[in-house]
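Descriptive structure summary
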Amino acid sequence: MKAITYTTFGGPEVLNLTDVEEPHAGPGQVRLKVVAAAVNPLDSKIRNGWMPPEMTPPFPVTPGLEAAGVVDEIGEGVTGVSVGDEVLGWATGAYAEYAVAGDFAPKPANLDWDTAAALPVAVETSVRVLDILKVEAGDTVLLHGAAGVVGAVAVQLAVARGATVIGTASPRNHDYLRSLGAVPVAYGDGLGDRVRAAAPNGVDAVFDAAGAGDLPLSIELRGGTDRIVTIADPAAAEHGVTFSGGGGPFGARLAEYARLAADGKLAVRVAQSLPLADAGKAQELSATGHAEGKVVLRP
């Protein structure tokens, strides 16, 4: 099969479209014929060699963490799914024509493939952090990086819980955030004053999806370190703030959110859909944040 691989750390130039052996479903897994594979900033961090050894697969690496596709092989012990079913979820080596997945959910027939591939990481991350923060009706949540893929999903889910969301973003994304139900504020100098004006009674929780160095200000606005979670700032421990970097199996809950997306009740922006051979361009767009939405590869 065709797959993107790399055999050394480096920039996007190390990515190559190559012929490799097809993977097969092991116990508890299914194999997908991949229709769409989503690109995450983490993919570039792994490719650059910036992650700890336990998060770095052995060479040659086929990147990709999430995908949507058609089940064509079922491993031992897997029930409730049949060959030919359309699913979305977490896949190993998703930048390929075939990939194996162990945590997945049915894809509603009316959910488009690109959106399906873009959902798993954004939804799981958002739900995990909102649960850690114990966001509920009446809370005011400050969300840094609200216009990003994770941030935008988190805005919608927090609003659905009955919270007021103050979302930081560049002015060009403010109308977008308003459409999701957030109160937008511009990041940068003077952010604290703008947040205080938008939330005169203070903020109850802070979700940092940006990692832009706003933890000290967040602690000041919150009045302490409790109910602050970052998914992007490696300085979290220095500030006594919780860093959340991943959760357990989520496929059973993912099905619920896939249905919401199919029904138009949960939106995920897809910025571009590119052919597999353009994986380097896709990773750069994702890593720099210049794409307004998720970047998806089509094998």
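Preceding this section is the structure that the text describes.
Within each chain, residue numbers correspond to sequence positions counted from 1 in written order. pLDDT decides what is reported in this predicted model: residues at 70 or higher carry local features, side-chain atom pairs at 80 or more are listed and counted, and totals for whole chains, interfaces and linings draw on all residues regardless. Heavy atoms throughout the structure, all of them, feed into the side-chain values; hydrogens and water do not.

Taken across its eight residues, helix 6 (residues 215-222) has six buried, putting it largely inside the fold. Restricting attention to buried positions, one finds in helix 6 the residues Leu215, Leu217, Ser218, Ile219, Leu221 and Arg222. Those residues of helix 6 hidden inside the fold are in contact with strand 7 (140-144), helix 5 (191-198), strand 10 (205-208) and strand 11 (228-230). Starting at the N terminus, helices and strands are each numbered in turn, a helix being any DSSP run of H or I of at least four residues and a strand any DSSP run of E of at least two. A positive backbone phi angle near 80° is found at Gly223, which sits one or two residues after helix 6. Relative accessible area decides the class of each residue, using a 1.4 Å probe on protein chains only: under 20% of the type maximum gives buried, over 50% gives exposed, and in between gives partly exposed. The contact criterion used throughout is that any non-hydrogen atoms of two residues lie within 4.5 Å.

Turning to helix 1 (residues 41-48), its buried residues are Asp43, Ser44, Ile46 and Arg47. Projected down its long axis, helix 1 shows its buried positions confined to an angular sector of 160°, all on one face. Along its buried surface, helix 1 packs onto strand 3 (30-39) and helix 8 (279-288). With its phi angle positive at about 80°, Gly49 sits one or two positions after the end of helix 1. Here the arc refers to the set of directions running from the helix axis out to each C-beta atom.

Further remarks concern the pairing of strand 6 (residues 98-106). Two faces belong to every sheet, and in a regular strand the side chains alternate between them. Counting buried positions along strand 6 yields seven of nine residues, so the element is predominantly enclosed. Looking at chain direction, strand 3 and strand 6 are connected through four bridges and run antiparallel. Paired with Lys33 across the bridge in strand 6 is Tyr98. Any two strands with at least two DSSP bridges between them are considered paired. As paired elements, strand 5 (residues 86-92) and strand 6 share six bridges and run antiparallel to each other. Directly across from Trp90, in strand 6, lies its bridge partner Asp103. The turn linking strand 5 back onto strand 6 is made up of five residues, and Gly93 within it adopts a positive phi angle of 70°.

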